[in-house]
Amino acid sequence: MAGADDPEYVHDHPRLREFVETVHDVADDHGSVPALLDAVEPAFEDLLAADDWLPERYRELPPEDYDDRGRMGDDIAQWLLYREDERLALFTLVLPPGAATPVHDHLAWGLVGLHGGRQRETFYRRADDGTELTRLREEEMGRGDYYRLVPPENDIHAVETVSDEPSVSVHLLGADVGCIERHAYDTAEDAVDPFVSGYTNVECEVAATGEGHSHAGTDPEHHLGDDTA
Ligand SMILES: [Fe+2]
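Scoring rules and cut-offs
Residue numbers run consecutively from 1 along every chain, following the written order of its sequence. The predicted origin of the model limits local features to residues at a pLDDT of at least 70 and limits the giving and counting of side-chain atom pairs to 80 or more, whereas totals for whole chains, interfaces and linings rest on all residues. The basis for every side-chain value is the complete set of heavy atoms in the structure, and neither hydrogens nor water enter the calculation. The classification of residues rests on relative accessible area computed with a 1.4 Å probe and restricted to protein chains. Under 20% of the type maximum is buried, over 50% is exposed, and intermediate values are partly exposed. Elements are defined by DSSP. Helices are runs of H or I of four residues or more, strands are runs of E of two residues or more, and each kind is numbered from the N terminus. Following DSSP output, two strands are said to pair if at least two bridges run between them. Where helices are involved, their axes are fitted lines through C-alpha atoms of the stretch in contact, as for all axes, and angles between N-to-C directions lie from 0 to 180°. Note that water is not among the atoms considered, so a metal site may appear incomplete; the donors listed are N, O and S atoms within 2.8 Å of the metal, with 3.2 Å applied to Na, K and Ca. Geometric relationships in this document are graded by angle, where less than 35 degrees denotes roughly parallel, more than 145 denotes roughly antiparallel, 65 to 115 denotes roughly perpendicular, and other angles denote oblique. Whether two residues are in contact is decided by their heavy atoms, any of which lying within 4.5 Å being enough. Ten residue types, Ala, Val, Leu, Ile, Met, Phe, Trp, Tyr, Cys and Pro, are classed as nonpolar, four, Asp, Glu, Lys and Arg, as charged, and the remainder, Gly among them, as polar. Any pair of N or O atoms that falls within 3.5 Å is considered a polar contact. Within protein, one atom must be able to donate a hydrogen and the other to accept it, and sequence-neighbouring residues count only if both atoms are side-chain atoms.

Draft legend 1. Broad picture of the pairing of strand β7 (residues 146–149). Residue alternation in β7 divides its side chains into a buried set, Y147 and L149, and an unburied set, Y146 and R148. Bridge count for strand β4 (residues 110–116) against β7 is 4 bridges, and the pairing is antiparallel. In the sheet register, G110 faces β7, and the bridge partner there is L149.

Here it is as structure tokens:
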């Protein structure tokens, strides 16, 4: 568990630390998001393939009496594993069979990959001047499959479990994405609403006040370098 001197690790494991160090190393060497993601992906693939670093509790929904602080929906868990200021977050998203997230954006670069079960991802694009969404494509993903989030492209999606078991995806984001204000979309109404997803296991201070948010984590140097927001 996280030590008092290292609160960034909500969950601590040598493989997780090794991965975070890799992200830091490549962020120092790569100024653009695509180059950063090129360099991080091999380590991300290793993380998706390994079981030892991710305990059962982060692959499941919380127990019924658990104080769930997430806002994705009652049947969805978002377990924060690592968080670094406003610049980086690693978490799992757990959806039981048949459950789906709202259509939402991230406002940050990221990698999302399957660790267990199967998910259908539906990707959308937002018109520059409005709330209207264009449905781009669907992809069904199994263990080890992953994709990039690179705003403004590939930033809006909905996720649904299509397996008989819960799906577990691992998310690396270039922002504390559970605690920033982003957007949820009602595609039937062409409506967009402010959206703070929270995390199941960790409070969001900004979410409680609704102030001091909005960090568009699209620049790896800005968000992982010394000159933080
Ligand atoms: Fe997402």
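Next comes the rest of the write-up.
Draft legend 2. Just the sheet that holds strand β1 (residues 77–84), in detail. Strand order in the open sheet formed by 5 strands is β1-β2-β9-β4-β7, and the pairing between neighbours is antiparallel. Strands at the two margins of the open sheet, each flanked by one partner only, are β1 and β7. For this sheet, the mean angle separating the axes of adjacent strands, direction not counted, is 20°.

Draft legend 3. The arrangement of the coordination of the iron ion in detail. Of the protein atoms, only H104 (NE2), H106 (NE2) and H157 (NE2) coordinate the iron ion, at distances of 2.1 Å. Ordering the donors of the iron ion by residue number gives the pattern H-x1-H-x50-H. You can see H106 sitting in the loop between β3 (103–104) and β4 and its partner H157 sitting in strand β8 (residues 156–161), a full 51 residues away along the chain. This pair shows no difference in class: H106 is buried, exactly as H157 is.

Draft legend 4. Fine view of the packing of helix α1 (residues 14–29) against helix α2 (residues 33–49). Close contact between α1 and α2 brings their axes to 9 Å; oriented N to C, the two are set at 170°. Relative to α2, α1 is oriented roughly antiparallel. Along the contact surface, α1 presents R15, F19, T22, V23, V26 and A27, while α2 presents L36, A39, V40, A43, F44 and L47. Residue composition of the contact of α1 with α2, by class: 10 nonpolar, 1 polar and 1 charged.

Draft legend 5. A look at the side chain of R59. For R59, the position within the fold is in the loop between α2 and β1. Engagement of the side chain of R59 in a polar contact is seen with the backbone oxygen of D51, the distance being 2.9 Å. When neighbours within four sequence positions are excluded, R59 is seen to be in contact with D51, L54, V94, H115 and V168.

All quantities given are derived from atomic positions and should not be read as evidence of function.
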